[in-house]
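# Observations on chain architecture
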Amino acid sequence: MTNAMPERMEESERQQMALSEKVVNIRRVAKVVKGGRHMSFSALVAVGDGHGRVGLGLGKSEAIPDAVRKATSDAQKNLITVPLVGTTIPHTVKAKYGAAEVLIKPAPQGTGIIAGASMRAILEPAGIKDVVTKSLGGQNPINVCRATLAALRQLRLVPVMKAVPPSDPAKESSKVLVEVVAASMGGQR
């Protein structure tokens with residue numbers, strides 16, 4: 001029993017060690033109080049493993065390193081899995097968060113990430129290498145990142161169906177016609 005616990009701790013530590021972090025935005029926030037202004041910082045951090053797992057976190061503190069540490073911890077707790085098709089995404093997706101709206105489209109291999117800084121900060125750690133994006137509406141980095149994450153949550157792998165040609169189109173259409181006529185005759189009786 002006691003040996004099982006350290007194994008789980010080591011496994012979670014290994015997963016966290018494999019995650020790369022990217023600081024998206026750091027803001028200085030000033031709260032006006034009776035004695036003057038009280039300064040603090042908020043940090044927005046994206047983490048990912050480069051193989052389809054990505055998370056976003058927001059941390060606030062009086063010092064920048066503490067805010068970044070809190071944001072990284074928050075991002076690791078909020079990881080999502082993104083389905084990938086090679087180096088791109090399976091289909092076009094659009095999502096909105098607040099006033100920010102994003103459009104993400106798959107692209108051929110070698111295109112690269114065509115995106116603004118906030119969207120790129122989410123797509124790179126996720127392991128997406130070829131994608132074309134457009135940010136519509138609001139430009140607040142927090143909302144753009146959250147809209148990007150909402151769009152990535154909507155992605156689903158689309159099963160590939162092979163088109164099987166019918167043996168003889170005339171037989172297929174006459175077979176359907178016979179079934180329709182038989183159904184309508186049965187309904188009138």
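An account of the accompanying structure is given in this report. (Residues numbered from 1 in each chain as written. Predicted model: local features only at pLDDT ≥ 70, side-chain atom pairs only at ≥ 80, totals over all residues. Heavy atoms only, no water.)

With that settled, the discussion passes to helix α3 (residues 117-126). Counting buried positions along α3 gives seven out of 10 residues, so the element sits mostly inside the fold. When we look at burial in α3, the residues that qualify are S118, M119, A121, I122, L123, P125 and A126. Looking one or two residues beyond α3, the residue adopting positive phi is G127, at roughly 95 degrees. (Buried < 20%, exposed > 50% of the residue type's maximum accessible area, 1.4 Å probe, protein only. Helix = DSSP H or I, 4+ residues; strand = E, 2+ residues; numbered from the N terminus.)

Let us now look at the nonpolar core. Soluble globular proteins: nonpolar side chains tend toward being buried together. Grouped together as the largest cluster of nonpolar side chains are 28 residues, with contacts concentrated most on V54, I104, I122, I128 and L152. Counting only elements with at least two residues in this core, the list comes to β2 (36-48), β3 (53-61), β5 (93-97), β6 (100-106), α3 and α4 (141-154). In terms of residue count, the dominant contributor to this core is α4 (seven residues). Sequence-distant contacts of V54, that is, excluding residues within four places in its chain, are made with V47, G48, N78, L79, I80, V82, I122, P125, A126, L149 and L152. (Core = buried A, V, L, I, M, F, W, Y, C linked by side-chain atoms within 4.5 Å. Contact = heavy atoms within 4.5 Å.)

Moving on, we get to the pairing of β5. One ladder, built from five bridges, connects β5 with β6; its direction is antiparallel. In the strand pairing of β6, Y97 is matched with A100. (Pairing = 2+ DSSP bridges.)

A few words now on the sheet that holds strand β7 (residues 113-114). Spatial ordering of the open sheet is given by β5-β6-β8-β7, a layout of four strands whose pairing is mixed. What marks the edges here is a single partner per strand, and that holds for β5 and β7. Relative to strand β8 (residues 131-137), β6 runs antiparallel, the two being bridged by seven bridges. Following the sheet pairing, I104 is matched in β8 by T133. This element, α3, spans β6, β7 and β8 of the sheet and lies at about 145 degrees to β8. (Axes fitted to C-alpha atoms, helices over the stretch in contact; angles between N-to-C directions.)

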